[in-house]
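Analysis of the macromolecular model
Listed below are the residues making up each chain.
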Amino acid sequence: MTQPNLDRLVPAYVREFEPYIPSKPDAELMKLYGCPRLFRLNNNENPLGPPPAAQEVIRRFPPSQGALYPSGDSYYLRQAIGEIQGVDPDQVLVGNGANEVIAFVIKAFCEPGDNIVTADRTFAVYEWVAVFSGIEARVIPLKDEGFDDAAMLAASDERTKVLFVCNPNNPTGSYWSREKLTAFLDAVGGERIVVVDEAYCEFVEKEDFPNGISLLKAYPNLVVFRTFSKMYGLAALRIGYLVGAPEVVDMIRRTCVVYSVNRVAQEAALAALKDDTGHVQRTRDLVRESRAFLREELEKLRLPVIAGEGNYLIVKLPLSDTLAYRKLMREGIMIRPMTGFRYPNHIRITLGLPEAMEAFLAALKEILP
Ligand SMILES: *Cc1c(COP(=O)(O)O)cnc(C)c1O
């Protein structure tokens, strides 16, 4: 039996890439840590679930349609997004989660020797996809917990193809105002693409927070990401999208494989957008109240909190975040250790139901030295 010569077959940038190790299923974790219940506060999921209209679509999905390929370009969903956002449906590209559209963009614009620019402490997938595709990722330190516009511009050169800005930022909750974003877009000009990842925009209640999609006419080098995983509670179905100028999306579309977005996801996402039961408002109210409560309680414990927009906050602990993870898991609380986000000794907590916040606080008090 001849082994494949992996040293020759696999590019160095793949061989040297540290694979991401996904968490075990809940049932396995509960056995492993001996906890009878589990609060999932690690992935910024919506504890209220999908909007009622989307739940109804999932419940009524005809089992026989499991045999049918979905619409290859999420036809009806793109029409609805176009209508709501005031863009042509052809400006919308739907993917298997926003994670997939990150790869579409990098594949469309970058070749070896090119680079992307983003922040060091933000959603890591921009950097990961670039690096395992053989593209340099320039990660710029945050300034006052926010994206540093001037430093990102200074780090760009003639091989910079895409700048990624997470607005609001996961995990710090910082955001760029409309004014700051448009000044950045003006400075970048037409030689580069600016991606604004708005995964958490539906949670933001600030007056000066920009809807990136409304800026596309003025800035055709802008690409905006959205997801149904967070506010719309459809993370299990994996669906997200990007919006850009027609010519730009026409290029990006070449790099995407059709049929990656399943039928249930397309129909549930469409229903989520049309739901009129106040699900978004209920979720915002819940998150706002949990943020205020948790921040105050953590500050009483004299723990440094970083909180802003989004359905999460981060807190610095006087112990290692990975040790805190294991100890909290034994109490049935799953949080996100932040070492992977370059925040050692910090944990991120999803803002959710009062009982989950109470359970987290009680467990945290147990494990603090
Ligand atoms: C969760 C998240 C995404 C990806 O979401 P999908 O589940 O892949 O749609 C993208 N960007 C940020 C900042 C996120 O937190």
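Please refer to the structure placed before this passage.
Values in this document were obtained by computation on a predicted structure and should not be read as measured data.

1. A word on the site of the ligand
Around the ligand lies a shell of 13 residues, among which Ala98, Asp197, Thr227, Ser229 and Lys230 are the nearest. In the model, a nitrogen atom of the ligand is placed 2.6 Å from a nitrogen or oxygen of the aspartate 197 side chain. A distance of 2.5 Å separates an oxygen atom of the ligand from a polar atom in the side chain of threonine 227. Grouping the constituent residues of the shell around the ligand by class yields 5 nonpolar, 5 polar and 3 charged.

2. Quick notes on the side chain of arginine 192
Looking at the element boundaries, arginine 192 is found in the loop between α9 (178-188) and β6 (193-197). The charged side chain of arginine 192 is buried without a salt bridge, its nearest counter-charge being aspartate 157 at 5.8 Å. At 2.8 Å, the side chain of arginine 192 forms a polar contact with the backbone oxygen of aspartate 157. Leaving out residues up to four positions away in the same chain, arginine 192 has contacts with Ser156, Asp157, Glu158, Thr160, Lys161, Leu163 and Asn221.

3. A closer look at the environment of asparagine 221
Note on placement: asparagine 221 falls in the loop between β6 and β7 (222-227). Along the backbone, asparagine 221 and valine 101 are 120 residues apart, and their C-alpha atoms lie at a distance of 16 Å. Every residue in contact with asparagine 221, bar those within four places of it in the chain, is listed here: Leu185, Val188, Gly189, Arg192, Ile193 and Val194. A distance of 2.8 Å separates a polar side-chain atom of asparagine 221 from the backbone oxygen of glycine 189.

4. Focus: the sheet that holds strand β3 (residues 115-119)
Ordered by their spatial adjacency, 7 strands build an open sheet running β2-β8-β7-β6-β5-β3-β4, and the pairing between neighbours is mixed. Each edge of the open sheet is held by one strand with a lone partner, namely β2 (92-95) and β4 (136-140). Neighbour-to-neighbour, the strand axes of this sheet turn through a mean angle of 20°, independent of strand direction. The sheet contact formed by β3 and β4 spans 5 bridges and is parallel. Residue alanine 119 lies in a different strand from β4, and its bridge partner there is isoleucine 140. Helix α6 (residues 98-109) rests against β2, β5 (160-166), β6, β7 and β8 (240-244) of the sheet, and its axis sits at about 120° to β2. The sheet contacts of α9 involve β5, β6 and β7, and relative to β6 the element is tilted by about 160°.

5. With respect to the sheet that holds strand β9 (residues 305-307)
The 4 strands are arranged β9-β10-β13-β12 in an open sheet whose pairing can be described as antiparallel. A single partner strand is all that each edge strand has here, and the edge strands are β9 and β12 (336-337). As judged from the 3 bridges shared by β9 and strand β10 (residues 312-316), these two strands associate in the antiparallel manner. When the bridges of β10 are listed, isoleucine 306 appears paired with isoleucine 314. Set on the sheet, helix α12 (residues 279-300) makes contact with β9, β10 and β13 (346-350); between it and β10 the angle comes to about 5°.

6. Section: the pattern of salt bridges
Note that side chains of opposite charge can pair when their charged atoms are close. Within the structure shown, the criterion is met by 20 salt bridges. Where lysine 161 meets aspartate 114, a salt bridge forms, and the shortest distance between an N and an O atom there is 2.7 Å. On the criterion of sequence distance, the pair formed by lysine 161 in strand β5 and aspartate 114 in the loop between α6 and β3 is long-range, its members being 47 residues apart. Linking aspartate 120 and arginine 121 is a salt bridge whose minimum nitrogen-to-oxygen distance equals 3.8 Å. Accessibility classification places aspartate 120 together with arginine 121 in one group, the buried group. Three or more residues are tied together by salt bridges with common partners; here these are Asp26, Arg40 and Glu45.

7. A word on the nonpolar core
Within the largest apolar cluster, 116 residues are counted, with the highest numbers of intra-cluster contacts made by Phe164, Leu298 and Phe360. When residues in this core are grouped by element, the largest group, 8 residues, is from helix α14 (residues 354-367). When residues are assigned to domains, this core turns out to be shared by domain 1 (6-49 + 278-367) and domain 2 (52-274), each giving three or more. Those residues within four positions of phenylalanine 360 in sequence are excluded, and the remaining contacts are Leu41, Leu294, Leu298, Leu328, Ile333, Ile335, Ile347 and Ile349.

8. Quick look at unusual backbone geometry
Negative phi characterises most residues that are not glycine, and trans characterises most peptide bonds. For the bond from asparagine 167 to proline 168, the omega torsion is 0°, close enough to zero to count as cis. As for its position among the elements, proline 168 is in the loop between β5 and α9. The omega angle of the peptide bond from asparagine 170 to proline 171 is 20°, so this bond is cis rather than trans. Considering the arrangement of structural elements, one finds proline 171 in the loop between β5 and α9. Non-glycine residue serine 74 carries a positive phi angle of around 50°. Tracing the sequence through the fold places serine 74 in the loop between α4 (52-59) and α5 (75-85). Although it is not a glycine, tyrosine 259 sits at a positive phi angle of roughly 75°. Within the element layout of this structure, tyrosine 259 appears in the loop between α10 (246-252) and α11 (263-274).

Reading the values: rules and limits
- Residues numbered from 1 in each chain as written.
- Predicted model: local features only at pLDDT ≥ 70, side-chain atom pairs only at ≥ 80, totals over all residues.
- Heavy atoms only, no water.
- Near = heavy atom within 4 Å.
- Polar contact = N/O pair within 3.5 Å; in protein donor to acceptor, adjacent residues only side chain to side chain.
- Nonpolar A, V, L, I, M, F, W, Y, C, P; charged D, E, K, R; others polar.
- Helix = DSSP H or I, 4+ residues; strand = E, 2+ residues; numbered from the N terminus.
- Buried < 20%, exposed > 50% of the residue type's maximum accessible area, 1.4 Å probe, protein only.
- Lys, Arg positive; Asp, Glu negative; His and termini not counted.
- Salt bridge = Lys/Arg side-chain N within 4 Å of Asp/Glu carboxyl O.
- Contact = heavy atoms within 4.5 Å.
- Pairing = 2+ DSSP bridges.
- Axes fitted to C-alpha atoms, helices over the stretch in contact; angles between N-to-C directions.
- Core = buried A, V, L, I, M, F, W, Y, C linked by side-chain atoms within 4.5 Å.
- Domains from an automatic or database assignment.

None of this, on its own, says anything about what the molecule does.
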